[in-house]
Amino acid sequence: MARTCVGIVGAGPAGLVLAHLLADQGVESVVLERQSRSHVERRVRAGLLEHRTVELLEAHGLAERLRARGQVHRGVELRFDGRRHRIAYADLYGGRHMVVYAQQELVADLIRLWIARGGGIAFEAERVTLHGLEGERPEIRYAVGGRGERLACDFVAGCDGFHGVSRGSIPAGALTVHDQRLPFAWVGVLAEVAPSTDEIIYANHARGFAGHMLRSSTVSRFYLQTEPDDPIESWPDERIWAELQRRLATSDGWKLREGPVLEKNVTDMRSFVVEPMQFGRLFLAGDAAHIVPPTGAKGLNLAVADARVLADAIVRQVRASDSSGLAAYSDTCLRRVWRVQEFSSWMTWLVHRIPDGPGADLRRRLQRAQLEYLCASPAAGASFAENYVGIADV
Ligand code: RFL
């Protein structure tokens, strides 16, 4: 049977960053990924990296391409009533900025660098199961090309996202699950068109939220609020562009460029957290343990923050037999997770159309008061900036 110190399930941002940070401290790991390499390198998802995330990647020599190709952002635009309001978050938060860099590009960089340094990784690892998590010697069983494999480890890192196997390997009674579906969903659109803005736009409109995000000089990302469970078939390209034109329109003649739609899908929103993020020698990190509504662009950043805490804790255990970091792992991560949950939920309710129903009128007036306050008050702007750019320590 093969052996390693840390068996990492999942080659997303959490798993790959963890593998690199451990290797930098001489701790060996093997990464097991269910999908093929080309699949994970093309999967379109997040794109906005916090200052802290970029700093960490830089400190570990993982940010060369990101620095060359990522775009630095210092402000965001809020639109309502056809008017534009800029929040200069970098100025409001000590010059800290964000970087736009597509998640799949980051994943491709991390995989390339991992393989270049001789790191162990198995793609298309099927039927992954976890065993002996409560003992000293956990084991991961899986199959590649139909052949069964076994990997003995000291620790297992469950970095396999929301639909992975790791969280499900924990007996139900050992976890407290917080799960709420929000009454919003996004039609996510990737289009081959130059952006019509230099900064990300969040538009609050009576027909629903619209977002204009950035990816590159030739590809743009858009989001449109819709109902949960709305099928993507009800969003032909003409309807997407018509809705974006209406919801993003301003009174100052701003123009939205249109182009061919490359990809589109509907994503439901939920707030989800399991506590603790640990069971025996299994440690959950990233989306395996928590999901935030995507409005605040936090999921990838939280995944990297977990990986950092877990790497430090494992290194301390392995090199100094100090178990305090691992004992505190879940509590340490959850403080940030709950702060980010609260911010992501607040921002989601701030920019989306409040669904019809009892109390909707009142909530809409409160939402409007909140938007006006945020755009007018430097103190409110500074609080937004601190959370949006990424709070340093919680
Ligand atoms: P991932 O990226 O889901 O990676 C998990 C990996 O595990 C693999 N896997 C398995 N491997 C082996 N065996 C199994 N049984 C397995 N099951 C699964 C999967 O194939 C995958 O490769 O989780 P990780 O590393 O925790 O990273 C989390 C982020 O991917 C996620 O939070 C973000 O994409 C969320 N998110 C955003 N985050 C940001 O920080 N900034 C953003 O701008 C942002 N925008 C978004 C987003 C998520 C979105 N969707 C799709 C919900 C926009 C959207 C629309």
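Along each chain, residues carry numbers from 1 onward, in the same order as the chain's sequence is written. The predicted nature of this model means local features are confined to residues of pLDDT at least 70 and side-chain atom pairs, given and counted, to a pLDDT of 80 or more, with totals for whole chains, interfaces and linings taken over all residues. Based on all heavy atoms of the structure, the side-chain values leave hydrogens and waters out of the count.

**With respect to the overall build of the chain**
- The secondary structure content of the chain amounts to eleven helices and 21 strands.
- Each radius of gyration is computed over the set of C-alpha atoms, and the globule rule expresses the reference value as 2.2 Å times the number of residues to the power 0.38. A globule of 394 residues ought to have a C-alpha radius of gyration of about 21 Å, and the chain, at 21 Å, matches this closely.
- A principal-axis box enclosing the C-alpha atoms of the chain has dimensions of 65 × 40 × 40 Å.
- With a 1.4 Å probe rolled over the protein chains alone, any residue whose accessible area is under 20% of its type maximum counts as buried; one over 50% counts as exposed, and the rest are partly exposed. Relative to its 394 residues, the chain shows a buried fraction of 53%.
- Considering only residue pairs separated by 6 or more positions, the chain has 71% of its internal contacts joining residues 24 or more positions apart.
- All accessibility values rest on the Shrake-Rupley procedure with a 1.4 Å probe; residue burial counts only the protein chains present in the view. By element, 48% of the accessible surface of the chain is carried by carbon and sulfur atoms, the whole surface being about 16800 Å².
- When charges are counted, neither His nor the chain ends are considered; positive counts come from Lys and Arg and negative counts from Asp and Glu. A single reference atom marks each charge: NZ on Lys, CZ on Arg, CG on Asp, CD on Glu. For the chain, the distance from the average site of its 48 positive side-chain charges to the average site of its 48 negative ones is 1 Å. Comment: elements are numbered from the N terminus, with helices defined as DSSP H or I runs of at least four residues and strands as E runs of at least two. The contact criterion used is simple: two residues touch if any of their non-hydrogen atoms lie within 4.5 Å.

**So, helix α3 (residues 51–59)**
- Inspection of α3 places His 51, Arg 52, Thr 53, Val 54, Leu 56 and Leu 57 among the buried residues, and these make up the whole buried set.
- Just downstream of α3 lies Gly 61, where phi reads positive at about 70°.

**Comments concerning the site of the ligand**
- Neighbouring the ligand are 33 residues; Glu 33, Arg 43, Gln 103, Asp 287 and Leu 300 lie closest to it.
- N or O atoms closer than or at 3.5 Å make up a polar contact, with two conditions inside protein: a donor-capable atom paired with an acceptor-capable one, and, for residues adjacent in sequence, both atoms drawn from side chains. At 3.1 Å, a backbone N or O of Arg 34 approaches a nitrogen atom of the ligand.
- Interatomic distance of 2.7 Å between a side-chain N/O atom of Gln 103 and an oxygen atom of the ligand.
- Here the ligand has 1000 Å² of accessible area as a free molecule, and 90% of this is covered by the chains.
- Of all the elements in the fold, those that place two or more residues in the shell around the ligand are α1 (13–24) and α8 (299–320).
- For the shell around the ligand, the element with the highest residue contribution is α8, accounting for four residues.
- Under this grouping Gly is polar, as are all residues other than the nonpolar Ala, Val, Leu, Ile, Met, Phe, Trp, Tyr, Cys and Pro and the charged Asp, Glu, Lys and Arg. Classifying every residue of the shell around the ligand by side-chain character gives 15 nonpolar, eleven polar and seven charged. A molecule or strand has a residue near it when one of that residue's heavy atoms lies within 4 Å.

**Observations concerning helix α7 (residues 237–248)**
- If you check α7, its first and last C-alpha atoms are 16 Å apart, about what twelve residues at 1.5 Å a residue would give, namely 16 Å.
- Buried within α7 we find Ile 240, Trp 241, Glu 243, Leu 244, Arg 247 and Leu 248. On an axial view of α7, the arc spanned by its buried residues comes to 165°, and they lie on one face. Residue count minus one, scaled by 1.5 Å, sets the expected span of a helix. This arc is built from the directions going out from the helix axis to the C-beta atoms.

**Regarding the nonpolar core**
- The set of buried Ala, Val, Leu, Ile, Met, Phe, Trp, Tyr and Cys residues whose side-chain atoms join them within 4.5 Å is what this entry labels a nonpolar core. The biggest cluster of nonpolar side chains holds 77 residues, and the ones touching the most others in it are Val 6, Ile 8, Leu 18, Leu 22, Leu 66 and Ile 140.
- No other element matches α8, which puts ten residues into this core.
- The contact partners of Leu 18, leaving out residues within four places of it in the chain, are Ile 8, Ala 157, Cys 159, Ala 307, Leu 310 and Ala 311.
- Residues Met 98, Leu 182, Tyr 202 and Val 389 belong to the second largest nonpolar core, which totals 31 residues.

**Some points on the pairing of strand β18 (residues 261–275)**
- Inspection of the sheet shows strand β14 (residues 176–191) paired to β18 by 13 bridges, in the antiparallel sense. Within the sheet, the bridge partner assigned to Leu 190 lies in β18 and is Glu 263. Strand pairing is defined by DSSP finding a minimum of two bridges between the two strands.

**Quick notes on the sheet that holds strand β1 (residues 2–3)**
- Spatial strand order, β1-β12-β11-β10: four strands in an open sheet with mixed pairing. Sheet topology places β1 and β10 (125–131) at the edges, where each strand pairs with a single neighbour.

**Structural notes on the sheet that holds strand β5 (residues 71–73)**
- Pairing within the open sheet is antiparallel, and its three strands lie in the order β4-β8-β5. Two strands lie at the open edges of the sheet, namely β4 (48–49) and β5, each paired on one side alone.
- For β4 and strand β8 (residues 98–100), the ladder comprises two bridges, and the chain directions are antiparallel. Among the inter-strand pairings, Leu 49 is bridged to a residue of β8, identified as Val 99.

**Overview of the pattern of salt bridges**
- By convention in these notes, a salt bridge is any Lys or Arg side-chain nitrogen within 4 Å of a carboxyl oxygen on Asp or Glu. All told, the structure shown has 30 salt bridges when counted by the stated rule.
- A salt bridge links Asp 81 to Arg 83; its shortest N-O distance comes to 3.7 Å.
- Residue Asp 229 is joined to Arg 181 by a salt bridge in which the shortest nitrogen-to-oxygen separation is 3.4 Å. Of this pair, Asp 229 sits in the loop between β17 (220–226) and α7 while Arg 181 sits in strand β14, and the two are 48 residues apart along the sequence.
- Looking at Asp 229, the relative accessible area reads 59%, which means it is exposed.
- By relative accessible area, Arg 181 is classed as partly exposed at 43%.

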